[in-house]
Every structure is written in structure tokens, then in C-alpha cells.
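Each chain, letter by letter, is given below.
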Amino acid sequence: MADLEALSPELKDRLAQLGQVEIVVAVPGVATREALRDTVARVRSALNGVGAGPKAVLVHPDGAMADAGSANGQLALLPFPITPVDRFPAPGESLSEAYRTVFLASNRLGARACVVVGSDPTTLAPEALQRLVRPVVEQDFDLVTPCYLRRRFDALLSSAVIAPLSRALYGKRLRFPVGADFGFSARLVDRQLQPTTERGAMPIWFASDAACGGFKIGQAQLGVPVPVQKDPPDISAAVAQLLGPLFLDLERNAACWQKVRASQPVPTFGMAAAVPEEAGAVDVSRMIEAFRLGYRNLQDVWGVVLPPATLVELKRLTQLAPETFRLADDLWARIVYDFALAFRLRVMSRDHVLGAMTPLYRAWVASYAAEVRTAAAAAVEQRHERLGAAFEAQKPYFVSRWRWPDRFNP
Amino acid sequence: MWEQAQQALNQSSDRVVAGLANLLPGLVALVVALALSSVAAWVLAFLLRRFLRGIRFDERLEGWGLSGLADWSPNKSPSILVTRTVSWLVVLIGFLIGIAAFNASITSEIAMRLFRYLPNVVAAVTLFLLGNVFARFLARGVLISAVNHNLQYARLLSLGVKWLVLVLAAAMALEHLGIGGRIVELAFGILFGGIVLALALAVGLGSKDLVSRSLERQADKVTAPEEAPEPFRHI
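Residues numbered from 1 in each chain as written. Chains lettered and ligands numbered in written order. Predicted model: local features only at pLDDT ≥ 70, side-chain atom pairs only at ≥ 80, totals over all residues.

Right, let's get into the overall build of chain B. Broken down by element type, chain B carries 8 helices and 0 strands. Buried residues in chain B amount to 20% of all 235 residues. Of the contacts made within chain B by residues no fewer than 6 positions apart, 65% connect residues no fewer than 24 positions apart. (Helix = DSSP H or I, 4+ residues; strand = E, 2+ residues; numbered from the N terminus. Buried ≥ 20, exposed ≤ 12 C-beta atoms within 10 Å, placed from the backbone. Contact = placed C-beta atoms within 7 Å.)

Moving on to the overall build of chain A. Counting its regular elements, chain A contains 16 helices and 10 strands. For chain A, buried positions account for 50% of its 410 residues. Once local pairs closer than 6 in sequence are excluded, the contacts in chain A between residues at least 24 apart make up 82%.

Let us now look at the interface of chain B and chain A. Each partner contributes to the interface: chain B provides 20 residues, whereas chain A provides 30 residues. Every element with two or more residues in the side of chain B that touches chain A is listed here: α2 (57-63), α5 (105-148) and α6 (154-177) of chain B. If one sorts the elements of the side of chain B that touches chain A by residue count, α5 of chain B sits on top with 8 residues. A breakdown of the residues in the side of chain B that touches chain A according to their chemical character gives 8 nonpolar, 8 polar and 4 charged. (Nonpolar A, V, L, I, M, F, W, Y, C, P; charged D, E, K, R; others polar.)

As a further point, take the domain arrangement of chain A. Residue and element names in this part refer to chain A. Taken as a whole, chain A is organised into domain 1 (4-234 + 241-269) and domain 2 (285-403). Contact with domain 1, which involves 20 residues of that partner, is made by 19 residues of domain 2. Of the residues forming the side of domain 1 that touches domain 2, the biggest block, 9 residues, is contributed by helix α5 (residues 156-170). Of the residues assigned to the side of domain 1 that touches domain 2, the class counts are 12 nonpolar, 4 polar and 4 charged. (Domains from an automatic or database assignment.)

The next subject is the pairing of strand β4 (residues 113-117) of chain A. Residue and element names in this part refer to chain A. Judged by how many residues are buried, β4 sits mostly within the fold: 5 of 5 residues are covered. Here β4 shows no split at all, with A113, V115 and V117 on one side and C114 and V116 on the other all buried. The pairing of strand β1 (residues 23-26) with β4 spans 4 bridges and is classified as parallel. Bridge pairing links V25 to V115 in β4. Here β4 pairs with strand β7 (residues 181-185) via 5 bridges, running antiparallel. Considered in β7, the bridge of A113 is made with S185. (Pairing = 2+ DSSP bridges.)

With that settled, the discussion passes to the domain arrangement of chain B. You can read the domains of chain B as domain 1 (26-103) and domain 2 (131-207). For domain 1 of chain B versus domain 2 of chain B, the separation of C-alpha centres amounts to 32 Å.

Residue and element names in this part refer to chain A. Counting residues in each nonpolar core, the largest one holds 146 residues, and the members touching the most others are V24 and V25. Among the elements that line this core, the one with the most residues is helix α14 (residues 350-372), at 12 residues. For V25, the residues in contact, after removing those within four places along its chain, are V43, A56, L58, V59, V115 and V117. (Core = buried A, V, L, I, M, F, W, Y, C linked by C-beta atoms within 7 Å.)

Residue and element names in this part refer to chain B. Per-residue confidence for chain B averages 81 on the pLDDT scale, and 83% of its residues sit at or above 70. Looking at the elements of chain B, mean pLDDT is at its lowest for helix α8 (residues 208-220), recorded as 64, and at its highest for α6, recorded as 89. Complex prediction metrics read pTM 0.80 and ipTM 0.87. (pLDDT = per-residue confidence, 0-100.)

Okay, helix α15 (residues 377-393) of chain A next. All names here are of chain A. Its 17 residues give α15 an end-to-end C-alpha distance of 25 Å, which sits within 8% of 24 Å, the value for a rise of 1.5 Å per residue. Residues H384, L387, G388, F391 and E392 constitute the buried set of α15. Buried residues along α15 cover an arc of 145 degrees about the axis, so they all sit on one side. Every exposed residue of α15 that faces more than 90 degrees away from the buried side is listed here: A378, A379 and R386. Of the surrounding elements, those touching the buried residues of α15 are α5, β6 (172-173), α13 (329-345) and α16 (395-403). (Expected span 1.5 Å × (residues − 1). Arc of directions from axis to C-beta.)

All names here are of chain A. Even without being glycine, D140 reaches a positive phi, approximately 60 degrees. Relative to the helices and strands, D140 is located in the loop between α4 (126-139) and β5 (143-149). When the 11 C-beta atoms within 10 Å are taken as the criterion, D140 is described as exposed. Phi is positive for A155, which is not a glycine, with a value near 45 degrees. Turning to its location among the elements, A155 is positioned in the loop between β5 and α5. Among the residues examined, A155 registers 24 C-beta atoms within 10 Å and is labelled buried.

Moving on: the packing of helix α8 (residues 235-252) of chain A against α14 of chain A. Residue and element names in this part refer to chain A. Running from N to C, α8 and α14 cross one another at 115 degrees; their axes reach a closest spacing of 9 Å. With respect to the hand of their crossing, α8 and α14 are arranged in right-handed fashion. Contacts between α8 and α14 pair I235, S236, V239, A240, L243 and G244 from the former with D351, L354, G355, M357, T358, Y361 and R362 from the latter. Along the lines of polarity and charge, the residues of the contact of α8 with α14 split into 7 nonpolar, 4 polar and 2 charged. (Axes fitted to C-alpha atoms, helices over the stretch in contact; angles between N-to-C directions. Left-handed = near helix turned anticlockwise from the far one by under 90°.)

Taking 1.5 Å of rise per residue, 16 residues should cover 22 Å, and helix α2 (residues 33-48) of chain A covers 23 Å from first to last C-alpha, within 8% of that figure. Where α2 of chain A is concerned, the buried positions are L36, T39, V40, R42, V43, A46 and L47 of chain A.

Residues and elements named next belong to chain A. Topologically, T122 is positioned in the loop between β4 and α4. For the pair T122 and L345, spaced 223 residues apart in sequence, the C-alpha to C-alpha distance is 44 Å. Non-local contacts of T122, meaning those with residues more than four positions away in its chain, are made with A35, D38 and T39.

Attention now goes to the sheet that holds strand β3 (residues 75-80) of chain A. Across a sheet, paired strands are connected by hydrogen bonds in the backbone, their directions being either parallel or antiparallel. Residue and element names in this part refer to chain A. Spatial strand order, β3-β2-β1-β4-β7-β5-β8-β10: 8 strands in an open sheet with mixed pairing. Sheet topology places β3 and β10 (268-269) at the edges, where each strand pairs with a single neighbour. Those strands touched by helix α6 (residues 186-193) are β4, β5 and β7, and its axis lies near 95 degrees from that of β7.

Another point: the pairing of strand β8 (residues 217-225) of chain A. All names here are of chain A. Two elements, β5 and β8, share 6 bridges in a ladder whose sense is parallel. When the sheet's bridge partners are listed, L149 is paired in β8 with P225. Taken together, the 2 bridges between β8 and β10 define a ladder with parallel strand orientation. When the sheet's bridge partners are listed, A220 is paired in β10 with F269.

Residues and elements named next belong to chain B. Summarising the element assignment, S158 is placed in helix α6. C-beta crowding within 10 Å serves as the criterion here: with 22 such atoms nearby, S158 is assigned to the buried category. Taking the C-alpha atoms as reference points, S158 and L34, separated by 124 residues in sequence, lie 46 Å from one another. Residues within four places of S158 in sequence aside, it is in contact with A139, V142, L143 and A146.

See below:
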């Protein structure tokens, strides 16, 4: 459902009846009556601390109906034909459609702020919800991205590729450029609905869109771990699911990110809570073995994507014992950049490019896990900081290869 | 006696000269046809090359997953391959026209037969080239997928798939050319069956331990200690 004209007459009447509101909070993840009742209480509590009691609407999937009178006063309920997203992010088009529908509703209601809670809203504290709304309403921020508690082995694709790449290319040091919970301003919602951005509204594109459009970006500490995702069938599917749209976005924003020179910290709202200590040994030998298998079999494929110097480094890596297995940050950054370029140049089928990257990503996971398995939370954060800096340092290499892909690259 | 020999020699010379005189227009026509067709081929190749470069034919082919064609092309450029194929076809047509100009019934017959056979040759070559490209594409896909599923015999599997498709393409091409008839079908059946059998044996032997362990677990209802799940979450 991406067109409000296709709505039922009752729903159109309801939208007209609601008139103009200030805040739209969408909870596509709510599926039951109990969850909706709990969510209503949390949202009402969160909005009490924002401005002078703004008029707000809670948009929820029309499958989950609340009791009559569960919302009153400043918070109205709007059952809406949103594609239910039980876990975030749902692969494929349904997620994009869900976001677009919410944006259309927010636009129609003339809301100043639109908050989408894609994770389970019953786990978020009212204060956390408030941190997504308040910067937009009171400080004119256009996009508020989430900050989750980062357990060391959570959201590894984001840590390995998305966050450092986003930092290096768009100059914004966001901890989770892709997440489940966002706050948007009316301006950014309008931009997402413009015909030029009709490609869809994928969360992985919000931060880059906002950065390239000159919008004001912040991030909010939500105090919860990274939401549980729908597990893809295997790692290569996860790589394709996240990195495909990311590399596609690089192509679209090439004119923008080539002008960005250095990264800047982004205002963060709320204090970071302590990450619970994790115990337990981690066996990385399977990951290393998978990488070695890839090296033995995929040299021809990697040879099309990677320069000879990188292949030599990879060969050296295969000979290391698990205890000393380390993939250097600058090497990893160049590998990611080379694969992004191969994706753009279509040196082979794009599915094959992403598939061939999977054993290398496994090598990074093994190296990272071996490094941080006994590290304290602060040391893990420093590890991510070093990786982000390495991506920034290697950016000239990427820009040069992007502009002159045929130039000799030893 | 000497007069008779001289007469015979004169007659023979006359016949050779007459024969040569009869042949000469045909030869000239052949040379002219070859020259004209060469010029036409050069012009056509020039225009076609510019057109293909304009539409970025090589990049488009890569985008369609046909990058394997570049390996078979001169200078790794499918545009040059297409251009040269077309120009040589034009030269060949000029040659056939030149042969037909001899006005001899046999040469005309050969020319007509060649003309009739030409579509089969083009179809067979196209089939074989496409089969080759498809085989490489499929082999690479299988190889990457098998590696990502940690299959130790990934390369063997990929090679098997590649040769299956190649053998199929070659058999289809030969059938189009009308070469071999039933022998090709038989050979194809034997070869295809052989490859499938070899693959089945390879996979079977490679995973016999896995199958036997699985059967033992089923039979004894004993739950063997599972490998600990990895603590990594990727998304």
C-alpha cells in the first residue's frame, strides 16, 4: 500500500477527522491487543515530556485492535494497513512499503515529527522513545538514528562494513546507520516521498539520504540491545541482503560522497548504558577454515575483483595459525572498497560479487572475534573506532579507483 | 609428320588459351567480388564498432552476466568479436558470389549449398558460444555457493556443472550442423550419464560418513552432542 488514494473511505474519513497533528508514532511491529495497550501507555508517557502536550497519532497495523478508549486525550489511535513487520528488518519490499505508507500518513496528517519504532516497542522505555521525538520537535533535527547497546558479536555486518563505510563516505560518525527505530522531521519525510526518491524507503538509505541532502542528523541512546532480527538462511544471504542495497546507494550518491573530506561526530542524546558482560569462549576455527576454503577455490573470482597486492596479503593470511590470525584494518577497508567497485562495474553478476565476498567477511569476523573475545566494552569501542579511522584513511584509494577504474592497480 | 605435331600443339595451345580466356572473366569477377566485399566488410565493421562502442556493448554484456564471452574474444572485447565475425561473413559472402560468377554449374551448386548451410553454421556457433557463456556463469555460481556452504568438493561440483552444460551445448551444435547423427546423440547420452554418475559417486563417497552418522542417530535414537552454535549475529 503506497498510495493513500487506495485507502478505504472509512480510513480517509478518519484521517480527515484527525486533522492536523504534531507527531506521528508508527509501530509496525505491534501484532497483538496486549502489545498495543502496553505501547499506548509507553508512548503517552513519552509524549508527556515533549513540548506542551503535542497532539499525536499512534499508527499501528490494522490487525492489532485496541480496546475502545485505550487512547484518549492527546494521543489518537489510527489502525492502518501497514505491512506487519514482526522482526526488523524484514527482507525485501514489504519493509520499504511499510515505511512509505507511514510517511504518506505522516505527510497527510501534517506531522512535524514522525517516529517509526520497527523493533518491539514494549521493550523501549518511555525515555528512549522521547529521545527519538524530542530532537526533532525541539531542536529541529531531521533524522535521529538509534544507538543500541553493542554486545561484541551483535550486528557484525554493521560493525564490519556499514558503519565504517558510512562514516568514511558521508562524514557522519553514526554508531548504527541502519537500525529499526528512527525519528524523522517533516522535511525528511517529504524528501522520502519525492518522485526522485521513488526507489523505496530502505532504512539503510536514510542516513546517506539525510547526509547528502544536508539534513541535520543526531542519534539517540535507546538503552536496549540490537533488536532480534529475522535470521537469513546463511551468512552469504545476510551479506547480500545488507550490502547489496548499500553498494547500490554508493552508486546513486557518488557525486555527494566524493566531496566529503573528513568525518564529524554526531550529537548523541542520552547516556550510554553499561553493556552487560558476556562470558564464554569463542571458537573462530570454523570461520578461518571457511576463509581458507574460499581462498583455495575462489582465487579466479577474487582475481577479477582484487588487485594482486591484496591477493598476496590474503595468501599470507591463510598461512597464519588461529591464535595469530589477524586481518589488518586497512586491508579489510580496501577489500570492501574493491568489492563495492566491482559491484558498480558489474565485473560479474552482482550476486556473484556479493557471494564471493562472504568468505572474506568470515575472515574479518574471525580476526575481530579473536581480538575482542576477552576485551572490555571500552576496548571493543576503541576497536570500532580504529576500523572507522582505517576506512577514512583508505578513502582516497576508493575515490581514485572509482574515478579511474582502468588505471593500473598493483 | 612434323606438321601434324605442330598442328596438334597449336590446337592444344588454342584450347588452353581459350580455356584461360573463358576462365579469366570469372577470375576477375572473383577478385572484384572479394575486393568489393572486403571494402564493404571494412565499412560495416567500422560502423558496427562505433555503434557497439556507443551503446557500451561490452559493459552491457557484463551486466547481463555474459562476461565469459570476453575470454573468447580478441583483446577481451566481445565488440571486436562481433565486428570481426560480421566482417568475415561479408567477405565469405563476397567469395561465394565470386565463385558463382564462374558460371559453372558445379560452383553454383556449391555456392547454393553453402548458402543453404550457412544458417545452420551460424545457429551452431551461436549455440555453442551461448552454451559456453552459460556454462561459465553457472559454474561460477555453483562454486561460490558451494564454498559459502563449506562444501569441500566445491570445485569438483562446479567443474561437473560446467562440463554438463558444455557437453549439452556441443551436442546441440553438432546436431544443428548435421554431423554425426545418431552417434552424437548416443555419445552425448553416454557422456552426460557418465558425468552425472561421477558426480553422484563423488558426492556419495564424500558424504558417506555424514549419512552413516545420521542413520545411526536415527536408528539408536541417541542424541549426539551437537556442535555449539556460533555466537555471531550478522544483521
